[in-house]
Amino acid sequence: MVGILRKGPKWVWSVCIVIAVCGVVAVGILFAMKPSARTKEVSVHAVSMKASDYWDENRMRLLFADKERILLYGYYGEERFGLFFFDRKTQNVVEAADLAVLGLSENEAYDELDILASADGKQVYIHNPKKESNRMYIWEADSGQMRVGDFSLSKSMLHEDATMKLLKNPEVIENYNLFTGQFDVWKDGADTYITELRAGSSVGEVCVVDINIGQEDEGESVPVFASFVK
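What comes next concerns the included structure. (Residues numbered from 1 in each chain as written. Predicted model: local features only at pLDDT ≥ 70, side-chain atom pairs only at ≥ 80, totals over all residues. Heavy atoms only, no water.)

Focus on the side chain of D66
As a reminder, the rule being used: By definition, any uninterrupted DSSP run of H or I lasting at least four residues is a helix, any uninterrupted run of E lasting at least two residues is a strand, and each is numbered from the N terminus. Between N or O atoms, a polar contact is any pair within 3.5 Å; within protein, one atom must be a potential hydrogen donor and the other a potential acceptor, and residues adjacent in sequence are included only when both atoms are from side chains. Throughout, a residue-residue contact means that at least one pair of heavy atoms, one from each residue, lies within 4.5 Å.
Looking at the secondary structure, you find D66 in the loop between β3 (61–65) and β4 (69–76). Side-chain polar atoms of D66 contact the backbone nitrogen of E68, separated by 2.8 Å. A polar contact of 2.8 Å, which involves the side chain of D66, links it to the backbone nitrogen of R69. When residues no more than four places from it in sequence are discounted, the contact partners of D66 are R88 and W186.

Here's what the structure looks like:
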């Protein structure tokens, strides 16, 4: 579910903190086992979209961001569900995967899947705890390849949740209206940035914005799919 981080009474912050902490604990329990090498490669559908295609702004997530790459997923067109690797150097989506291979409807994918990025942003882990205990899909962002099998993770292999990063500095949160799951926090030298995923109701409106926290400077809005769509 998507929540909002914004100014409000203390009880709201308490609820946000409890939800965030519980989520991290759940992830730690879920991926506490040792990794297994019993995986095989599976075919994924290519993503084809137009700028005018529908985009669900309420069911998108920014999984990872740093100065080189951004990983995100979202629902588009006729109940399609995709993973995307946006390369900052070329300012283009260089790899994408339509997750029809998972055999889930749009609602099932949103409600049932755990989708997490690796600590280095080079992999995305997809797990359905309601149906399969250890079975996991692993998407290699650099190559676009997908593997599936009995593959479990340790917490140290996962990217830290952005909400937890900001909760360590609550005074920062008060300055921004941020939707949980739609931003990430990262460092470049001494500077700390928030990268926020923003969108309207079409693919062409999806963009990312970098905010330098120390300087309170918001960068330009960069379209995610400008060079990717047909």
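Now that the structure has been shown, the text picks up again.
Here we look at the sheet that holds strand β5 (residues 80–87)
In any sheet, the strands associate via hydrogen bonds between backbone groups, in a parallel or an antiparallel arrangement. Quick note on the threshold: By this definition, two strands are paired if DSSP reports at least two bridges between them. Axis lines are fitted to C-alpha atoms, over the contacting stretch for helices. Their N-to-C directions set the angle, which ranges from 0 to 180 degrees.
In spatial order, the strands read β3-β4-β5-β6; together these 4 strands make up an open sheet with antiparallel pairing. Among the strands making up the open sheet, the edge pair consists of β3 and β6 (92–98). For this sheet, the mean inter-axis angle between neighbouring strands, taken without regard to orientation, is 20°. Where β5 and β6 come together, 6 bridges link them in antiparallel fashion. Within β6, the residue paired with F86 across the bridge is V93.

So, the environment of F84
Inspection of the secondary structure assignment puts F84 in strand β5. For F84 and F225, which are 141 residues apart along the polypeptide, the C-alpha to C-alpha distance reads 9.6 Å.

Things to note about the nonpolar core
Operational definition: Here, nonpolar core means buried Ala, Val, Leu, Ile, Met, Phe, Trp, Tyr and Cys residues that are tied together by side-chain atoms lying within 4.5 Å of each other. Only protein chains enter the calculation, and the probe is 1.4 Å; a residue is then buried if its accessible area is under 20% of its type maximum, exposed if over 50%, and partly exposed in between.
By size, the foremost hydrophobic cluster in this structure holds 23 residues, and its most contacted members are M49, W55, L72, F84, V224 and F225. Per-element accounting of this core gives the leading share, 3 residues, to β4.

Some words on the environment of R198
With respect to the secondary-structure elements, R198 resides in strand β13 (residues 191–198). Distance in space between the C-alpha atoms of R198 and L178 is 10.0 Å, their sequence separation being 20 residues. For R198, the residues in contact, after removing those within four places along its chain, are M60, E205, V206, C207, V209, I211 and E218. A distance of 3.1 Å separates the side chain of R198 from the side chain of E196, its partner in a polar contact. Side chain to side chain, R198 and E218 meet in a polar contact 3.3 Å long.

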